[in-house]
Amino acid sequence: MTFFTHHVNTRKQTEFVNITSEVKKSVADSGIKEGICVVYIPHTTAAVTINEAADPDVVTDIIKEVNKIIPLNDNYKHMEGNSAAHIKSSLFGISTQIPVKNGNLTLGTWQGIFFCEFDGARHRTFHVRILGNSE
Amino acid sequence: MTFFTHHVNTRKQTEFVNITSEVKKSVADSGIKEGICVVYIPHTTAAVTINEAADPDVVTDIIKEVNKIIPLNDNYKHMEGNSAAHIKSSLFGISTQIPVKNGNLTLGTWQGIFFCEFDGARHRTFHVRILGNSE
Amino acid sequence: MTFFTHHVNTRKQTEFVNITSEVKKSVADSGIKEGICVVYIPHTTAAVTINEAADPDVVTDIIKEVNKIIPLNDNYKHMEGNSAAHIKSSLFGISTQIPVKNGNLTLGTWQGIFFCEFDGARHRTFHVRILGNSE
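None of the values given here were measured: they were computed from a predicted structure.

Residues and elements named next belong to chain B. Strand order in the open sheet formed by 5 strands is β1-β8-β3-β5-β6, with antiparallel pairing between adjacent strands. Every interior strand has two partners, whereas the edge strands, β1 (3–9) and β6 (104–105), have only one. Strand direction decides the pairing type here: β1 and strand β8 (residues 123–133), joined by 7 bridges, are antiparallel. The residue of β8 that forms the bridge with histidine 7 is threonine 125. Contacting β1, β3 (34–40), β5 (95–101), β6 and β8, helix α1 (residues 20–30) crosses the sheet at an angle of about 40° to β8.

Here it is in C-alpha cells:
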C-alpha cells in the first residue's frame, strides 16, 4: 500500500502539529525505497509546511507574524468568519512533497513536517501518498 | 497519455478560475488509478491554489486581502508595472499536486482547484501531469 | 540515477540564485522522458521558487516587498535572530515540481528556478528527484 490517511485532533485556533513521525511511518510501511512522498491536506482552513522542529519558538514566531499580516478580522465578506484561515491555507499551501532515498525522507537536519491548523480546534485528516520503486 | 495542456481565458486583472473539472477530466483520461496529479502553471504572473469552491465570498476575500498585503503599486523597479503579480505568483506557487486514489482526486469536500490570474485579462495555459499505475 | 544533490554558495543575506541549468542537467542525466521533476531544499531558512528569469528587477522587487511584509526584526522570540527567514521559507515553500515532457522541463518562456536564500551568506544544498519513464 502506498496511500495512507492519518488523523489529527487540533486543540487551538491556530496551531502547528508536528506530523513527521506519522509521515515517516507511512514511508516505511509503503516499502518504497526510491521516489517521492506527497503530504496532502484535504481542508480549506488548514495547510502543511516544513520548517524547524528543534526550537518551538520558530513556530511561535511564524504564527504570530502571519496573524499580524493576515488579521483574523478585516471586514471579510465570507459569513463563516474564518476567511483569514482560508487565506493562510492558500499562502502556506495544502500539499508538499519530499524525495525518498534509500527508504528515507531527505529531510534536512532541522526540518520537521507540520500540520498547520488555522481554524481549530477540530478533528482533521491528512493523506500521505508514496510513489516510486521498492528496490 | 498522462500529460495534458488546457487553456483559460481570464477576464479580469485579478481573478480565480475554477479548473477542477478540467483537472478531473485529465485524471479520468489518463487511466491512472493510483498515483498523483500535478497541476503546473507555465506563467510568472499567475498561480494555482486549492481552496473553498462552495462560497465565492472566500475567493473574494482572498483576492482583496492579498491585494492589501501586496499593493499593485509600491515603487516597484520592474518596468512592466506588474511586479505585484510576480510576487503573488511566488507566494501562492505555480504548481500543486493531489493524490489519485481509485482513479479519483482525493480533494476534500470543500476543495476546488483554481487558476489564479494576477495580471489579466489574458489567454493562459496550464499543464496536468498524472503519474502512477493504471491498475 | 534519478536523485541528484547540488550545492550553492550564497553571497548575500537575501538572494535568489538561478539554478535552472543545474536542474535541467539532472533531468538530462536521469534519462527520464515522461514524468515529473521535484526540487527540494533541505533547509529551514531558504526556499525554492519559479518566477521570471529575464529581467533581474523582478527578483529585486520580490525581495524588497517581502522584506517589507515580513521585517527582519519584529520582536521575534527565536534567539537566533533569523525568524523572518523561517517565515519566508514557509510562505515560499521548500519544494516544487515541474512536469517532464519529451525529456524536457515544461517551464514557461519566462520561467527560471531560483534557490531563495533568506539567511545568508551560507553554503547550501538542494536535491533534485526525477520520477517517470525513460521511454
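Another aspect to go through is the packing of helix α2 (residues 56–69) of chain A against helix α3 (residues 83–92) of chain C. Between α2(A) and α3(C), whose axes approach to 9 Å, the crossing angle comes to 70°. By the criterion of interaxial angle, the relationship of α2(A) to α3(C) is roughly perpendicular. Only Ser83(C), His86(C), Ile87(C) and Ser90(C) of α3(C) make contact with α2(A), whose side of the interface consists of Val58(A), Asp61(A), Ile62(A), Glu65(A) and Val66(A). Taken together, the residues of the contact of α2(A) with α3(C) sort by class into 4 nonpolar, 3 polar and 2 charged.

What follows concerns the interface of chain B and chain A. Residue-level contacts link 32 residues of chain B with 31 residues of chain A. Taken together, the links from chain B to chain A amount to 3 salt bridges. Taking the shortest distance from any N to any O, the salt bridge between Asp57(B) and Lys77(A) comes out at 3.7 Å. Our enumeration of links across chain B and chain A arrives at 17 residue pairs in polar contact (both at pLDDT 80 or more). When residues of the side of chain B that touches chain A are assigned to their parent elements, the largest contribution, 10 residues, is made by helix α2 (residues 56–69) of chain B. Of the residues in the side of chain B that touches chain A, the class split is 14 nonpolar, 9 polar and 9 charged.

A few words now on the sheet that holds strand β7 (residues 111–117) of chain C. Residues and elements named next belong to chain C. Read from one edge to the other, the open sheet built from 3 strands follows the order β2-β7-β4, with strand pairing classed as antiparallel. Looking along the sheet, the strands with just one partner apiece sit at the ends: β2 (15–18) and β4 (46–52). Averaged over all neighbouring strand pairs, the angle between strand axes comes to 35°, with direction disregarded. The pairing of β4 with β7 spans 7 bridges and is classified as antiparallel. Bridge pairing in β7 links alanine 47 to cysteine 116.

Turning next to the relation of the copies chain B and chain A. The two chain copies are related to each other by a rotation about an axis together with a translation along it. Mapping chain B onto chain A calls for a screw motion: a turn of 120° about the axis and a shift of 0.0 Å along it, with 0.0 Å RMSD after fitting. In short, the pair behaves as if placed about a three-fold rotation axis. Using C-alpha coordinates, one finds that chain B approaches the rotation axis most closely at Leu91(B), a distance of 3.5 Å. Looking at chain B, a mere 19% of its interface residues are interface residues in chain A too, so the copies touch through different faces.

Attention now moves to the pattern of salt bridges. Opposite charge on two side chains makes pairing possible when the charged atoms of those side chains draw close. All names here are of chain B. Under the counting rule described, the total for this entry stands at 18 salt bridges over all chains. When the shortest N-O distance is used, the salt bridge between aspartate 29 and lysine 25 registers 2.7 Å. Highlighted residues: aspartate 29 and lysine 25, both in helix α1, separated by 4 residues, approximately one helical turn. Notably, a salt bridge pairs aspartate 119 with arginine 122, separated by 2.4 Å at the nearest N-O pair. Here arginine 122 falls in the partly exposed class, since its relative accessible area comes to 34%.

Aligned on chain B, chain C shows an RMSD of 0.0 Å; the corresponding rotation is 120° and the shift along the axis is 0.0 Å. Of the interface residues in chain C, just 19% have counterparts in chain B that sit at the interface too, so the contact is made through distinct surfaces.

You can see Asp55(A) is positioned in the loop between β4 (46–52) and α2. Despite being buried, Asp55(A) has no salt bridge partner; Lys77(C) is the closest side chain of opposite charge, sitting 7.8 Å away. One polar contact links the side chain of Asp55(A) to the main-chain amide nitrogen of Asp57(A), over a distance of 2.9 Å. Ignoring anything within four residues of it in the chain, the contact list for Asp55(A) reads His78(C) and Met79(C).

Rules of the game
Residues numbered from 1 in each chain as written. Chains lettered and ligands numbered in written order. Predicted model: local features only at pLDDT ≥ 70, side-chain atom pairs only at ≥ 80, totals over all residues. Heavy atoms only, no water. Pairing = 2+ DSSP bridges. Helix = DSSP H or I, 4+ residues; strand = E, 2+ residues; numbered from the N terminus. Contact = heavy atoms within 4.5 Å. Axes fitted to C-alpha atoms, helices over the stretch in contact; angles between N-to-C directions. Parallel < 35°, antiparallel > 145°, perpendicular 65-115°, else oblique. Nonpolar A, V, L, I, M, F, W, Y, C, P; charged D, E, K, R; others polar. Salt bridge = Lys/Arg side-chain N within 4 Å of Asp/Glu carboxyl O. Polar contact = N/O pair within 3.5 Å; in protein donor to acceptor, adjacent residues only side chain to side chain. Least-squares fit on C-alpha atoms with pLDDT ≥ 70 in both. Buried < 20%, exposed > 50% of the residue type's maximum accessible area, 1.4 Å probe, protein only. Lys, Arg positive; Asp, Glu negative; His and termini not counted.

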